[in-house]
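Results of the structural survey
Below are the chains, spelled out letter by letter.
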Amino acid sequence: MAHKAAGHLPGRSCVRRGRGGAPPPASPGSRSASPQGAEPRERRTGAGARRHGQPQPGALGGRGAGLHRAAVRRAGRRHDRGGAHAHQAAGPQGSRPEAEVVRVQDLGQTGGHNPPVQNVRIDPNSLSFNMWKEIPVPFYLSVYFFDVVNPDAVLLGQKPQVRERGPYVYREFRHKSNITFNDNDTVSFLEYRSFQFQPDKSHGLESDYIVMPNILVLAAAMMMEDKPMSLKLIMTLAFSTLGERAFMNRTIGEIMWGYEDPLIHLINKYLPNMLPFKGKFGLFAELNNSDSGIFTVFTGVKDFSRIHLVDKWNGLSKVNFWHSDQCNMINGTSGQMWAPFMTPETSLEFYSPEACRSMKLIYKESGTFQGIPTYRFVAPSTLFANGSVYPPNEGFCPCLESGIQNVSTCRFNAPLFLSHPHFYNADPMLAEAVLGLHPNQEEHSLFLDIHPVTGIPMNCSVKLQLSLYIKAIKGIGQTGKIQPVVLPLVWFEESGAMEGKPLKTFYTQLVLMPNVLHYAQYVLLALGCILLLIPIIHQLRSQIFLFKSFLSSSKPL
């Protein structure tokens, strides 16, 4: 069985439990919306829930269509209790544009400017239910690799130099399964993903070779730093016997989806509990046809103010990876869809299994996407700040420089760090320590453009980077004289935009028609006034005529 080696996108991304996956827990008396109509299983408890809750090591506008201002403010304040993030796409068999057009069209048939509450809640009878199940936005995963140009010089203590390679683009398909409605106004589900390589959109092939740090060797060396010298020498001997080196030259396909490594078999044989995976090792291994765990979210049927908020993830109300209650909280949504009726005060908060934490995006500006009014949400500068810069993040430490998050506690203790690409928005020392990095806002910042009335994503681009902290470990010869450095491995962008027939119908039903109705009321009012004036004018003319006739008849001869 292959497994992922590093974190992926925080908006419901790539950490999966493996192929298949258990159906979501359901409360007694719950009903299933799954087409198979399978009997719902009881919620996992005890050790089973804790075991299932551990993430796998893996690659991580305008007027708002005429919203009533008071309703917007009230709904916005409710939504501020929890936002969302991420993106949805079609199922593995591909998108179904015609069905999606009908869904968007139905959502717009509300008889007014605002979709009623019953149309946006998670309910099989809701007009937006199928959009929640499979949102009509095609998504792509673009992966950029950092090819190490001078591996031998790095081993001698020189500054590493990297060259960015890519993008290597994959079409992403998603679909929800095992959808089970519970009695406490929640719904549980699994979301599966699959990926297909897109050569026409990529700058290279999966057969391309690149030089990268050997994560297994360098991470194992870091774990042995405080162990007795005898163990370090044994490890050095084992590395030499297996032909393991600090840097490796492998294909993109191997690094993405896994490669056989004798070191994995050796460790699993003599230290069976050290690594949580067996077989192939890759940054995005076993991502296809796998899920990110069981999410249980509120439907908004009984309490609309809690729509889309996460109740539990894999049966857990909070995680235990971090060192403070605040950092361990599961806040916001699952990143599946956003609550409607947003305001500029709204924030998008969501739980990311890939980052093992909750995250929050903030409003930046209003704009339009293909004529549709949108709100743009971005990452705050404090998202990956260390505890000294932003005290609430102290629970995520031990920390290095600000702008990178240590995710080793949920990644089998490997010294992996999550950040923006090229260390954008991080301490400048990080980018200066590696030659070939050029952080800038336009290329390396993330954003989500959301239709504020419905909470549906129009255009999204989530960009993150995975890095490995490496240094020379005395007693382990393979690490040479490597100077301490946070070395980037890959950065990836998950992007999607509504297009085609769904976009056209969305615009017509939720933008064009409300605007037409908005201005039509003034036209009708003017016509009504004209129709009212006609009999009045006619009556006045009649009165004037009669008055003149009376005057004429009353003149003396």
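Treat the numbers as computed from the prediction; the structure is a model and nothing was measured.

Helix and strand counts for the protein stand at 14 helices and 19 strands. Here the protein holds 557 residues, and the buried ones make up 56% of them. A total of about 24000 Å² of accessible surface is found on the protein, and carbon and sulfur atoms cover 55% of it.

Looking now at the environment of Asp226. Residue position: Asp226 is located in the loop between helix H7 (215–223) and helix H8 (229–242). Spatially, the C-alpha atom of Asp226 lies 9.4 Å from that of Ile473, the residues being 247 residues apart in sequence.

Between the first and last C-alpha of H8 there are 20 Å, a value that for 14 residues agrees with the 20 Å anticipated at 1.5 Å per step. When we look at burial in H8, the residues that qualify are Lys232, Met235, Thr236 and Phe239. For H8, the buried positions fall inside an angular range of 100° around the axis, keeping them on one side. Turned more than 90 degrees away from the buried face of H8, the exposed residues are Leu233, Ile234, Leu237 and Thr241. Among the structural elements, H7 and helix H10 (262–270) are those in contact with the buried residues of H8.

With that settled, the discussion passes to the pattern of salt bridges. Per the counting criterion, the structure on display carries 11 salt bridges. A salt bridge links Asp147 to Arg165; the nearest nitrogen and oxygen atoms lie 3.0 Å apart. With Asp147 in strand E3 (residues 139–148) and Arg165 in strand E4 (residues 162–181), the pair connects residues that are 18 residues apart, well separated along the chain. It is possible to trace a salt-bridge network through shared partners that takes in Glu172, Arg174, Lys176, Glu191, Arg193 and Glu494.

It is worth spelling out the UniProt feature "transmembrane region" (unreviewed entry) in the protein at this point. Here, the residues flagged by UniProt with the feature "transmembrane region" (unreviewed entry) are residues 519–538. Between the first and last C-alpha atoms of residues 519–538 the distance is 29 Å; the span itself is 100% helix and 0% strand.

Using the criterion set out here, one finds two disulfides in the structure. Paired by a disulfide, Cys356 and Cys410 hold their sulfur atoms 2.2 Å apart. Note on the Cys356 and Cys410 pair: the S-S dihedral is about 100°, so by sign convention the disulfide is right-handed. With Cys356 in the loop between strand E12 (347–352) and strand E13 (357–369) and Cys410 in the loop between strand E15 (404–406) and strand E16 (416–419), this residue pair connects regions lying 54 residues apart in the sequence. Paired by a disulfide, Cys397 and Cys399 hold their sulfur atoms 1.9 Å apart. Negative torsions about the S-S bond denote left-handed disulfides, and the value of about -90° found for Cys397 with Cys399 makes this one left-handed. In the protein, the bonded cysteines, taken in the order they occur along the sequence, pair up as 1-4, 2-3.

Looking now at the nonpolar core. The biggest cluster of nonpolar side chains holds 118 residues, and the ones touching the most others in it are Phe145 and Leu283. In terms of residue count, strand E18 (residues 456–470) provides more of this core than any other element does, nine residues in total. If you look at the next biggest cluster of nonpolar residues, it comprises six residues, including Val120, Phe304, Phe341 and Val453.

What H10 keeps buried is the set Leu263, Ile264, Ile267 and Asn268. Buried residues of H10, seen end-on, are gathered within an arc of 125° and therefore sit on one face of the element. Projecting away from the buried face of H10 at angles above 90 degrees are the exposed residues Lys269 and Tyr270. Those residues of H10 that are buried lie in contact with H7, H8 and strand E8 (281–282).

On the surface, a nonpolar cluster with roughly 600 Å² of combined accessible area is contributed by Val523, Leu524, Leu527, Ile530, Leu531 and Ile534. Here Leu524 shows up in helix H14 (residues 500–554). Residue Leu524 is classed as exposed on the basis of its relative accessible area, which comes to 58%.

Here E16 shows a buried face lined by Leu416 and Leu418 and a second buried face lined by Phe417 and Ser419. Summarising the sheet, E15 and E16 pair through three bridges and their orientation is antiparallel. In the sheet register, Gln405 faces E16, and the bridge partner there is Leu418. Where E16 meets E18, four bridges bridge the pair, whose relative direction is antiparallel. Its bridge partner being in E18, Leu418 is matched across the sheet by Leu466.

Glancing now at the confidence of the model for the protein. In this model, the protein carries a mean pLDDT of 78, and residues with pLDDT of at least 70 account for 77%. Per-element confidence in the protein is highest for helix H6 (residues 151–155), whose mean pLDDT is 97, and lowest for helix H1 (residues 46–53), whose mean pLDDT is 39. A low-confidence stretch, residues 1–114 (pLDDT under 50), is modelled with 386 contacts involving residues beyond four sequence positions or located in other chains.

Under the defined criterion, the tally for this structure stands at 18 aromatic pairs. Ring geometry for Tyr170 against Trp257: centres 5.4 Å apart, planes inclined by 85°, an arrangement best described as edge-to-face. Remark: Trp257 occurs in helix H9 (residues 252–257) and Tyr170 occurs in strand E4; sequence separation between them is 87 residues. Overall, the relative accessible area of 23% leaves Trp257 in the partly exposed class. Ring geometry for Tyr363 and Phe377: centres 6.1 Å apart, planes at 75°, overall edge-to-face. Of this pair, Tyr363 sits in strand E13 while Phe377 is found in strand E14 (residues 372–378), placing the two residues 14 residues apart along the sequence. Given a relative accessible area of 24%, Tyr363 falls into the partly exposed group. Taking relative accessible area as the criterion, Phe377 reaches 0% and is therefore assigned buried.

Turning to unusual backbone geometry, a few remarks are in order. In this chain, Gly166 is followed by Pro167 through a cis amide linkage whose omega measures 10°. Omega for the peptide link from Cys397 to Pro398 comes to 25°, which places this bond in the cis form. Tracing the sequence through the fold places Pro398 in the loop between E14 and E15. In this model, Asn314 sits at a positive phi of 50°, which is unusual for a non-glycine residue. Tracing the chain through its elements places Asn314 in the loop between strand E11 (310–313) and helix H11 (325–328). Judged by relative accessible area, Asn314 falls into the buried class, the value being 3%.

What counts as what
- Residues numbered from 1 in each chain as written.
- Predicted model: local features only at pLDDT ≥ 70, side-chain atom pairs only at ≥ 80, totals over all residues.
- Heavy atoms only, no water.
- Helix = DSSP H or I, 4+ residues; strand = E, 2+ residues; numbered from the N terminus.
- Buried < 20%, exposed > 50% of the residue type's maximum accessible area, 1.4 Å probe, protein only.
- Areas by Shrake-Rupley, 256 points an atom, 1.4 Å probe, with all protein chains shown as cover.
- Expected span 1.5 Å × (residues − 1).
- Arc of directions from axis to C-beta.
- Contact = heavy atoms within 4.5 Å.
- Salt bridge = Lys/Arg side-chain N within 4 Å of Asp/Glu carboxyl O.
- UniProt positions renumbered as here; feature names shortened; annotations may be inferred.
- Disulfide = S-S within 2.5 Å.
- Core = buried A, V, L, I, M, F, W, Y, C linked by side-chain atoms within 4.5 Å.
- Patch = residues over 30% accessible without salt bridge, like charges linked within 9 Å, V, L, I, M, F, W, Y side chains within 5 Å.
- Pairing = 2+ DSSP bridges.
- pLDDT = per-residue confidence, 0-100.
- Phe/Tyr/Trp six-rings, centres within 6.5 Å; stacked < 30°, edge-to-face > 60°.

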